[in-house]
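The lines below spell out each chain.
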Amino acid sequence: VTKSRTTTQGADVRMAVLSVTPRRPRAARRFELVARVGFAPAPGSIRCSVWIGGARYRKVRLTWERPIARCFVRVPDRARGKRLQIGLSAVLGGSHSRTTRGFRIS
């Protein structure tokens, strides 16, 4: 689900998921969400959040090389069979865009 909103101040934030690699996350492997993020008129902020089995997972790396944002996580070995939820959000002023994807870890 990707959402974007524009406010009356003219700020615009847009996001489109380009890929998730691999298609299904695997325990003890790296998982990545890649999205195109656009801000107008100026750069805003981007956050990545990961939940595994309903608990917040904090070992997350986020890079942004305009306009591509990448959120990386190494899925813990003990997470096999649990649900991984990965979300990316972008904010500029009062405008925001967010996307969340959920997967079963194999």
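To keep things clear, this report deals only with the structure shown in the data block. What you are looking at is a predicted structure, and each value in this text was computed from that prediction instead of being measured.

As for the overall build of the protein chain
Here's step 1: When helices and strands are counted, the protein chain shows 0 helices and 9 strands.
Here's step 2: Taken from N to C terminus, the helices and strands of the protein chain fall in the order β-β-β-β-β-β-β-β-β.
Here's step 3: Principal-axis analysis of the C-alpha atoms places the extent of the protein chain at approximately 45 × 25 × 20 Å.
Here's step 4: Buried residues in the protein chain amount to 38% of all 106 residues.
Here's step 5: In the protein chain, the share of contacts with a sequence separation of at least 24, taken over all contacts with a separation of at least 6, comes to 61%.
Here's step 6: Total accessible area computed for the protein chain in this model is approximately 6,400 Å², and 47% of it derives from carbon and sulfur atoms.

What to know about the state of the cysteines
Here's step 1: Under the defined criterion, the tally for this structure stands at 1 disulfide.
Here's step 2: Disulfide pairing places Cys48 opposite Cys71 at an S-S distance of 1.6 Å. The sign of the S-S torsion, about -65°, decides the handedness of the disulfide formed by Cys48 and Cys71: left-handed. Within this pair, whereas Cys48 is found in strand β4 (residues 45-52), its partner Cys71 is found in strand β7 (residues 68-74), the two being separated by 23 residues in sequence.

As for the sheet that holds strand β2 (residues 12-21)
Here's step 1: Pairing within the open sheet is antiparallel, and its 4 strands lie in the order β2-β3-β7-β6. Either end of the sheet is taken by a strand with one partner, and the two such strands are β2 and β6 (60-65). Strand after strand, the sheet turns through a mean of 20° between neighbouring axes, direction not considered.
Here's step 2: Where strand β3 (residues 30-40) meets β7, 7 bridges bridge the pair, whose relative direction is antiparallel. By the bridge assignment for β7, Val34 is matched with Arg70.

Regarding the packing of aromatic side chains
The relative placement of two aromatic rings is captured by the distance of their centres and the angle of their planes.
Here's step 1: Evaluation of the coordinates by the stated rule reveals 2 aromatic pairs.
Here's step 2: For the ring pair Phe31 and Phe103, a centre distance of 5.2 Å and an interplane angle of 65° mean the geometry is edge-to-face. Taken together, the residues Phe31 in strand β3 and Phe103 in strand β9 (residues 95-104) connect sequence positions 72 residues apart. Phe103 carries the same exposure label as Phe31, and that label is buried.
Here's step 3: Ring geometry for Phe39 and Trp64: centres 5.5 Å apart, planes at 80°, overall edge-to-face. Note that Phe39 is positioned in strand β3 and Trp64 in strand β6, a separation of 25 residues in sequence.
Here's step 4: With a relative accessible area of 16%, Phe39 lands in the buried category.

What counts and how
- Residues numbered from 1 in each chain as written.
- Predicted model: local features only at pLDDT ≥ 70, side-chain atom pairs only at ≥ 80, totals over all residues.
- Heavy atoms only, no water.
- Helix = DSSP H or I, 4+ residues; strand = E, 2+ residues; numbered from the N terminus.
- Buried < 20%, exposed > 50% of the residue type's maximum accessible area, 1.4 Å probe, protein only.
- Contact = heavy atoms within 4.5 Å.
- Areas by Shrake-Rupley, 256 points an atom, 1.4 Å probe, with all protein chains shown as cover.
- Disulfide = S-S within 2.5 Å.
- Pairing = 2+ DSSP bridges.
- Axes fitted to C-alpha atoms, helices over the stretch in contact; angles between N-to-C directions.
- Phe/Tyr/Trp six-rings, centres within 6.5 Å; stacked < 30°, edge-to-face > 60°.

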